[in-house]
Amino acid sequence: MSEKLLAGLQLMVFGMGMVYVFLIIMIFCMKIMSRIVAPIAAKQKAAEEARQTRSSGSDDVALAAAAVAAVAAERR
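Conventions and cut-offs
- Residues numbered from 1 in each chain as written.
- Predicted model: local features only at pLDDT ≥ 70, side-chain atom pairs only at ≥ 80, totals over all residues.
- Heavy atoms only, no water.
- Helix = DSSP H or I, 4+ residues; strand = E, 2+ residues; numbered from the N terminus.
- Rg over C-alpha atoms; globule rule 2.2 N^0.38 Å.
- Buried < 20%, exposed > 50% of the residue type's maximum accessible area, 1.4 Å probe, protein only.
- Patch = residues over 30% accessible without salt bridge, like charges linked within 9 Å, V, L, I, M, F, W, Y side chains within 5 Å.
- Areas by Shrake-Rupley, 256 points an atom, 1.4 Å probe, with all protein chains shown as cover.
- Salt bridge = Lys/Arg side-chain N within 4 Å of Asp/Glu carboxyl O.

1. Digging into the overall build of the chain
So, point 1. A tally of regular secondary structure across the chain gives one helix and zero strands.
So, point 2. Since a compact globule built from 76 residues should have a radius of gyration of about 11 Å, the 31 Å found for the chain marks it as more spread out than a globular shape.
So, point 3. Seen through its C-alpha atoms, the chain measures out along the principal axes to roughly 100 × 30 × 5 Å.
So, point 4. Counting all 76 residues of the chain, 0% fall into the buried class.

Rendered as C-alpha cells:
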C-alpha cells in the first residue's frame, strides 16, 4: 500500500511540476509576443486616431450644415 501511495505522490509532484514549467514557458512567450506586437499596435492606434480625427471634422461640418438647413426650413 505504501508503494502505491509513494508512486501516486511522485506522479502528483511530477504532474504539478510539468504544469508549473508549462505556465512559466507560456508567460515567457507572452512577454516576447507583447514586445514584438507593441510597435505594430502603436502604429495601428496612431493611424486609427488620425482617421477618426479626419472623419470627425467632416462629420462636424455635415452636422452643422444639417442644423442650418433645419433652422432655415423651420423659418419658412
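2. Some words on a nonpolar patch on the surface
So, point 1. Together, L6, L9, M12, V13 and M16 give the surface a local cluster of nonpolar side chains, amounting to about 500 Å² of exposed area.
So, point 2. Residue position: M16 is located in helix α1 (residues 2-75).

3. A closer look at the environment of K4
So, point 1. As for its placement among the helices and strands, K4 is situated in helix α1.
So, point 2. Judged by its relative accessible area of 68%, K4 falls in the exposed class.
So, point 3. For the pair formed by K4 and Y20, sequence separation is 16 residues and the distance between their alpha carbons is 24 Å.

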